[in-house]
Amino acid sequence: MNDTRVLFISGVGRSGSTLVERALGTDPRLVVLGEVTHLWERSLLMDELCGCGEAFSQCPFWTEVGERAFGGWHTLDAERIVATRARLDRVSRTPRLLYTLGGRAYRDEVRWYGSLYAAIYRAAAEVSQAEVVVDSSKQPSIPYVLTHQGSLDVRVLHCVRDSRAVAYSWTKTVSRPEAQVESFGTMTRYSPAKLSVVWMVHNLSSLATRLTGQPVTTLRYEDWVRQPRAATSRILLACGLEPTPAEAISDSTVRLVTNHTCSGNPLRFRTGDVDVRLDERWREDLPTRSNRLVTTMTLPLLRLFDYVGRRHD
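Keep in mind that this is a model prediction, so the values were computed, not measured.

**Q** Give a detailed account of the overall build of the chain, specifying residues and quantitative values.
**A** Summing up its helical and strand segments, the chain has 13 helices and seven strands in all. Relative to the compact-globule value of 20 Å for 313 residues, the chain shows a C-alpha radius of gyration of 19 Å, a close match. In terms of its C-alpha atoms, the chain occupies a principal-axis envelope of roughly 55 × 45 × 45 Å. Sequence-distant contacts in the chain: of pairs separated by 6 or more residues, those separated by 24 or more amount to 77%. Just so you have it, the chain exposes about 13,800 Å², and 48% of that area is on carbon and sulfur atoms. For the chain, the distance from the average position of its 40 positive side-chain charges to the average position of its 35 negative side-chain charges is 7 Å.

Below is the structure:
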């Protein structure tokens, strides 16, 4: 029986998913968890800051989630989970994950790894008394893992942003204020060429999630920015909720509330009114050579998502 409803945000980092997630978090019917895929390393091993500002180990919300899910976080072998994630949870593994191509030991490991997420989702829903749990991990292979968890009702939100805007964002240095280890003090940077490959592969894998039987809703971030309330209504409807956005969301601002996201963009620490506007600095600041490279490498999906051929492009 599917007893825990999950909205999994899939796609590529720096695609605006954090603001979309934080907007959803203003609705008490949803509880936002941030990027659960990083919880094992960044939260359990490094004790990084929760979105509420407390260290993960000191956050009352996550402490109760851990107790309900596992009898306490101390019962988990975080290093084993991190190693399993590195071995199984890759976009290149999605065909094998979908069909569990392998022996019994492999199938058991996939189910065990997915059961960890299922336990967290279920406990988070209980603690928050929310109807829908939101995981913004974006790692497209995770829904393929979750398809083998019969206790979950997974809906996928495929969040897309123009590849050139994403490439520009990934070239910038962004601090990670939650990091407790100096080497993790800034977010990863990608070259335009590397990002183009990642953007194509992750978006193709997100599109193919339909093969799992999980419903997939594609959202262009640019469309959400232009009409946040209307776009949020569509997301809520996809979650099986009444499509009435919280009053905190207007068509120009979102009033962010305290959250318990375990990892993600530094925006997760913001509270109060945040302006909703499209950042198009890439049009002027992304070097012409990089712009052409990214456009050429990602052209098939730029066309599919209607980013090229438009009058303003």
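**Q** Could you give an account of the packing of helix H3 (residues 60-70) against helix H6 (residues 104-128), naming the residues involved and the relevant values?
**A** The contact between H3 and H6 brings their axes to 8 Å, and the two run at 125°. Between H3 and H6, the angle falls in the class oblique. The two elements H3 and H6 meet at a crossing, and its hand is right-handed. Every residue of H6 that contacts H3 at Phe61, Trp62, Glu64, Val65, Arg68, Ala69 and Phe70 is listed here: Leu116, Ala119, Ile120, Ala123, Ala124, Glu126, Val127 and Ser128. For the contact of H3 with H6, the residue count by class is 11 nonpolar, one polar and three charged.

**Q** Kindly report on the pairing of strand S1 (residues 4-11), identifying the contributing residues and their values.
**A** S1 sits mainly inside the fold: seven of its eight residues count as buried. Strand direction decides the pairing type here: S1 and strand S4 (residues 152-160), joined by eight bridges, are parallel. Bridging from a neighbouring strand, Phe8 pairs with Val156 of S4. Relative to strand S3 (residues 132-138), S1 runs parallel, the two being bridged by five bridges. If you follow Arg5 over to S3, its bridge partner there is Val132.

**Q** Pulling in residues and values, what's your account of the packing of helix H9 (residues 192-207) against helix H13 (residues 288-304)?
**A** Running from N to C, H9 and H13 cross one another at 10°; their axes reach a closest spacing of 9 Å. Looking at the two axes, H9 sits roughly parallel to H13. For the pair H9 and H13, the contacting residues are Pro192, Ala193, Ser196, Val197, Trp199, Met200, Asn203, Leu204 and Leu207 in the first and Ser290, Leu293, Val294, Met297, Thr298, Pro300, Leu301, Leu302 and Leu304 in the second.

**Q** I'd like a description of the sheet that holds S3, backed by residues and values.
**A** The strand order S2-S3-S1-S4-S5 describes an open sheet built from five strands, whose pairing is parallel. This sheet does not close on itself; its edge strands, each paired only once, are strand S2 (30-32) and strand S5 (216-220). Geometrically, the sheet is characterised by an average inter-axis angle of 25° between neighbouring strands, direction not taken into account.

**Q** So what's going on with the pairing of S5? Residues and values would help.
**A** S5 sits mainly inside the fold: four of its five residues count as buried. One ladder, built from five bridges, connects S4 with S5; its direction is parallel. Within S5, the residue paired with Leu157 across the bridge is Thr217.

**Q** Any details on the pattern of salt bridges? Residues and values, ideally.
**A** Pairing between side chains of opposite charge can happen when the charged atoms of each approach one another. The full count for this structure, using the stated rule, is 14 salt bridges. Residues Arg277 and Asp275 are paired through a salt bridge, measuring 3.4 Å at the closest nitrogen-oxygen approach. Look at Arg277 and you get exposed, because its relative accessible area is 59%. For Asp275, a relative accessible area of 48% translates into the label partly exposed. Across the pair Asp279 and Arg281 runs a salt bridge, and its minimum N-O distance is 2.7 Å. Among the residues examined, Arg281 registers a relative accessible area of 43% and is labelled partly exposed. Here the salt bridges share partners, and the residues they tie into one network are Glu64, Arg68 and Glu126.

**Q** Hey, could you go over a nonpolar patch on the surface for me, with residue numbers and the actual values?
**A** Together, Val197, Val201, Leu293 and Met297 give the surface a local cluster of nonpolar side chains, amounting to about 280 Å² of exposed area. Of all the elements in the fold, those that place two or more residues in the nonpolar patch are H9 and H13. Inspection of the secondary structure puts Val197 in helix H9.

Rules of the game
- Residues numbered from 1 in each chain as written.
- Predicted model: local features only at pLDDT ≥ 70, side-chain atom pairs only at ≥ 80, totals over all residues.
- Heavy atoms only, no water.
- Helix = DSSP H or I, 4+ residues; strand = E, 2+ residues; numbered from the N terminus.
- Rg over C-alpha atoms; globule rule 2.2 N^0.38 Å.
- Contact = heavy atoms within 4.5 Å.
- Areas by Shrake-Rupley, 256 points an atom, 1.4 Å probe, with all protein chains shown as cover.
- Lys, Arg positive; Asp, Glu negative; His and termini not counted.
- Charge placed at Lys NZ, Arg CZ, Asp CG, Glu CD.
- Axes fitted to C-alpha atoms, helices over the stretch in contact; angles between N-to-C directions.
- Parallel < 35°, antiparallel > 145°, perpendicular 65-115°, else oblique.
- Left-handed = near helix turned anticlockwise from the far one by under 90°.
- Nonpolar A, V, L, I, M, F, W, Y, C, P; charged D, E, K, R; others polar.
- Buried < 20%, exposed > 50% of the residue type's maximum accessible area, 1.4 Å probe, protein only.
- Pairing = 2+ DSSP bridges.
- Salt bridge = Lys/Arg side-chain N within 4 Å of Asp/Glu carboxyl O.
- Patch = residues over 30% accessible without salt bridge, like charges linked within 9 Å, V, L, I, M, F, W, Y side chains within 5 Å.

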